[in-house]
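In case you want the letters, here they are:
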Amino acid sequence: QVQLVESGGGLVQAGGSLRLSCAASGTIFRVNTVGWYRQAPGKQREFLATSYRFGSTNYADSVKGRFTLSRDNAKNTVYLQMNNLKPEDTAVYYCNIPRPEGDYWGQGTQVTVSS
């Protein structure tokens, strides 16, 4: 079993920055693909970005140019640097590892952006 733990959320003003972490532990050889999602109150879960093992990334249009992925494979940790935050970025942020057997999901970390 693999556990994912998100951290780094908090309350920031519009225009501010946060760096989220997604740490994987448990029965895992290495972290390959990691996805980031968010869910705002009353809204569907939204895809944000994907981090691949050797540095390739993919970003949703809603965050492209503001959010940046990085990773430390030795620590099994993926980071999401969020800059120029907007009130509409307020949501619970989740990371996941997609698998044919069923995805792993973390518990989420709350990000609140005040205007």
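First things first, this report covers the structure right here in the doc. (Residues numbered from 1 in each chain as written. Predicted model: local features only at pLDDT ≥ 70, side-chain atom pairs only at ≥ 80, totals over all residues. Heavy atoms only, no water.)

### Considerations on the layout of surface pockets
Turning to step 1, where the next piece is worked out: When its volume is computed, the largest pocket comes out at roughly 220 Å³.
Turning to step 2, where the next piece is worked out: Forming the walls of the largest pocket are V2, T27, I28, F29, R30, N32, T33, I97, P98, R99 and Y104.
Turning to step 3, where the next piece is worked out: Looking at the lining of the largest pocket residue by residue, the class counts come to 6 nonpolar, 3 polar and 2 charged. (1 Å grid on protein atoms, 1.4 Å probe; cavity = no way out; pocket = protein on both sides within 12 Å on 5 of 7 lines; lining within 4 Å. Points joined across faces, edges and corners; volume = space filled by probe spheres on them. Nonpolar A, V, L, I, M, F, W, Y, C, P; charged D, E, K, R; others polar.)

### Looking at the state of the cysteines
Turning to step 1, where the next piece is worked out: Scanning the model with the defined rule gives 1 disulfide in all.
Turning to step 2, where the next piece is worked out: With its sulfur 2.0 Å from that of its partner, C22 forms a disulfide with C95. Disulfide C22-C95: the torsion about the S-S bond is 75 degrees, which places it as right-handed. Of this pair, C22 sits in strand β3 (residues 18–26) while C95 sits in strand β9 (residues 91–97); the two residues are 73 residues apart in sequence, bridging distant segments of the chain.
Turning to step 3, where the next piece is worked out: Residue classification places C95 among the buried positions, given a relative accessible area of 0%. (Disulfide = S-S within 2.5 Å. Helix = DSSP H or I, 4+ residues; strand = E, 2+ residues; numbered from the N terminus. Buried < 20%, exposed > 50% of the residue type's maximum accessible area, 1.4 Å probe, protein only.)

### Considerations on the sheet that holds strand β1 (residues 2–7)
Turning to step 1, where the next piece is worked out: Taken together, the 4 strands give an open sheet; going across it, the order is β1-β3-β8-β7, and neighbouring strands pair in antiparallel fashion. The outermost strands of the open sheet, each flanked by one partner alone, are β1 and β7 (67–72). Taking each pair of neighbouring strands and ignoring which way they run, the sheet shows an average axis angle of 15 degrees.
Turning to step 2, where the next piece is worked out: With 6 bridges joining them, β7 and strand β8 (residues 77–82) adopt antiparallel strand pairing. Across the sheet, the residue bridging to L69 is L80, located in β8. (Pairing = 2+ DSSP bridges. Axes fitted to C-alpha atoms, helices over the stretch in contact; angles between N-to-C directions.)

### Quick notes on the nonpolar core
Turning to step 1, where the next piece is worked out: Membership of the largest hydrophobic core comes to 28 residues, with the highest contact counts inside it found for L4, W36, L80, M82 and Y93.
Turning to step 2, where the next piece is worked out: Elements with a minimum of two residues in this core: β1, β3, β4 (34–39), β5 (46–51), β7, β8, β9 and β11 (109–114).
Turning to step 3, where the next piece is worked out: Among all residues touching L80, those that are not within four sequence positions of it are L18, R19, L20, W36, F67, T68, L69 and Y93. (Core = buried A, V, L, I, M, F, W, Y, C linked by side-chain atoms within 4.5 Å. Contact = heavy atoms within 4.5 Å.)

### Some points on the pattern of salt bridges
Turning to step 1, where the next piece is worked out: In the structure shown here, the tally under the stated rule is 4 salt bridges.
Turning to step 2, where the next piece is worked out: In this structure, R66 engages D89 in a salt bridge whose closest nitrogen and oxygen atoms are separated by 2.7 Å. Placement of the pair is R66 in the loop between β6 (57–59) and β7 and D89 in the loop between β8 and β9, with a sequence separation of 23 residues. Just as R66 is buried, D89 falls in that class too.
Turning to step 3, where the next piece is worked out: With a shortest N-O distance of 3.9 Å, E101 and R99 are connected by a salt bridge.
Turning to step 4, where the next piece is worked out: Note on R99: relative accessible area 29%, which makes it partly exposed. (Salt bridge = Lys/Arg side-chain N within 4 Å of Asp/Glu carboxyl O.)

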